[in-house]
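Listed here are the chains, written in short residue letters.
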Amino acid sequence: RLSHSGMTAFPHIPADVRQKLHDAGAPALALLNCWCGMRKGRTVPARRDLDPSQLGRFLSKVYLYEYDATLGDFVCRLAGEEVNDAWNARIRGKTFREVVGDDHHAAALTRWRAVIETPLVQFGTMKDEKARVKKLVGERMIAPLRDDNGDVRLILGIGDYGVRQSDRDWIPPVWNAVIRIPCDEIANVEGNAS
């Protein structure tokens, strides 16, 4: 289910970023390529610039969360079918706390707030450490977006999951293997960051 692809298919991702993410699979790279292409010289693109057709066959793996300052939490605004299947529930309309659970919420919230506050993109992987041969069982790529007011409050993400994310005894919601890249360190392929 998890797939990896060469870097040449993702022209909007700068070469140095592709190098940092050399282990990333096609879904994660497709999302980042889409996000980078939306920037058009800006550090963080706007949601209105998102063209879902650019994600093609990976659209069912995509999710979108919005930070609600009143709640002090993110709320899921969109979740593809594979995301819902992985979490064993329909997560649209749920808070981040409801999705990841009370035990993991504080750590997950800190990471996600950094995505919109720094801002930065984050790529994470989860491997089955108990197997005789370590096997990749999940990948996530998340990136910030501006809302209609121009505020960086949205997180666009993609999850490529080989196992259910709701099995807390095996798959913790907060993964340790993550790469964070500040948006102002990601060059715009078509223009200068601003």
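Just so we're clear, the structure is a prediction, and the values are computed from it rather than from any experiment.

## Brief notes about the overall build of the protein chain
Right, on to step 1. For the protein chain, the helix and strand inventory stands at five helices and six strands.
Right, on to step 2. Put simply, the protein chain runs from its N terminus to its C terminus through helices and strands in the order α-α-β-β-α-α-α-β-β-β-β.
Right, on to step 3. For the protein chain, the proportion of its 194 residues judged to be buried stands at 49%.
Right, on to step 4. Pairs at least 24 apart in sequence give 58% of the contacts found in the protein chain among residues at least 6 apart.

## What about the environment of R113?
Right, on to step 1. When you line up the elements, R113 lands in helix α5 (residues 102-117).
Right, on to step 2. In sequence terms R113 and D73 are 40 residues apart; their C-alpha atoms lie 8.9 Å from each other.
Right, on to step 3. Aside from chain neighbours lying at most four places away, what touches R113 is Y67 and F74.

## Topic: the nonpolar core
Inside soluble globular proteins, nonpolar side chains tend to come together where they are buried.
Right, on to step 1. Among the nonpolar cores identified, the biggest contains 31 residues, and L21, L32, W35, V121 and M141 are the most heavily contacted of them.
Right, on to step 2. The biggest single contributor to this core is helix α2 (residues 26-39), with 10 residues.
Right, on to step 3. Core analysis: the second largest hydrophobic core is formed by 22 residues, Y63, A79, A108 and Y161 among them.

## Points about the side chain of E66
Right, on to step 1. When you line up the elements, E66 lands in strand β1 (residues 62-68).
Right, on to step 2. A polar atom in the side chain of E66 sits 2.3 Å from the side chain of R153.
Right, on to step 3. The residues contacting E66, other than those within four sequence positions of it, are D73, F74, V75, R77, R153 and L154.

## Some remarks on the pairing of β1
Each regular strand carries side chains that alternate between the two faces of the sheet.
Right, on to step 1. Counting buried residues along β1, six of its seven residues qualify, which places the element largely inside the surrounding structure.
Right, on to step 2. Pairing between β1 and strand β5 (residues 152-161): five bridges, direction antiparallel. Paired with L64 across the bridge in β5 is L156.
Right, on to step 3. Inspection of the sheet shows β1 paired to strand β2 (residues 73-79) by six bridges, in the antiparallel sense. Looking at the pairing, D68 lines up with D73 of β2.
Right, on to step 4. In this antiparallel pair of consecutive strands, β1 and β2, the connection spans four residues, and G72 shows a positive phi of 70 degrees.

## Quick notes on unusual backbone geometry
Right, on to step 1. Looking along the chain, the bond that leaves T118 and enters P119 is cis, with omega of -20 degrees.
Right, on to step 2. Topologically, P119 is positioned in the loop between α5 and β3 (120-128).
Right, on to step 3. We note that N88 has phi near 60 degrees; this positive angle belongs to a residue other than glycine.
Right, on to step 4. Inspection of the secondary structure puts N88 in the loop between α3 (81-87) and α4 (96-100).

Cut-off values and rules
- Residues numbered from 1 in each chain as written.
- Predicted model: local features only at pLDDT ≥ 70, side-chain atom pairs only at ≥ 80, totals over all residues.
- Heavy atoms only, no water.
- Helix = DSSP H or I, 4+ residues; strand = E, 2+ residues; numbered from the N terminus.
- Buried < 20%, exposed > 50% of the residue type's maximum accessible area, 1.4 Å probe, protein only.
- Contact = heavy atoms within 4.5 Å.
- Core = buried A, V, L, I, M, F, W, Y, C linked by side-chain atoms within 4.5 Å.
- Polar contact = N/O pair within 3.5 Å; in protein donor to acceptor, adjacent residues only side chain to side chain.
- Pairing = 2+ DSSP bridges.

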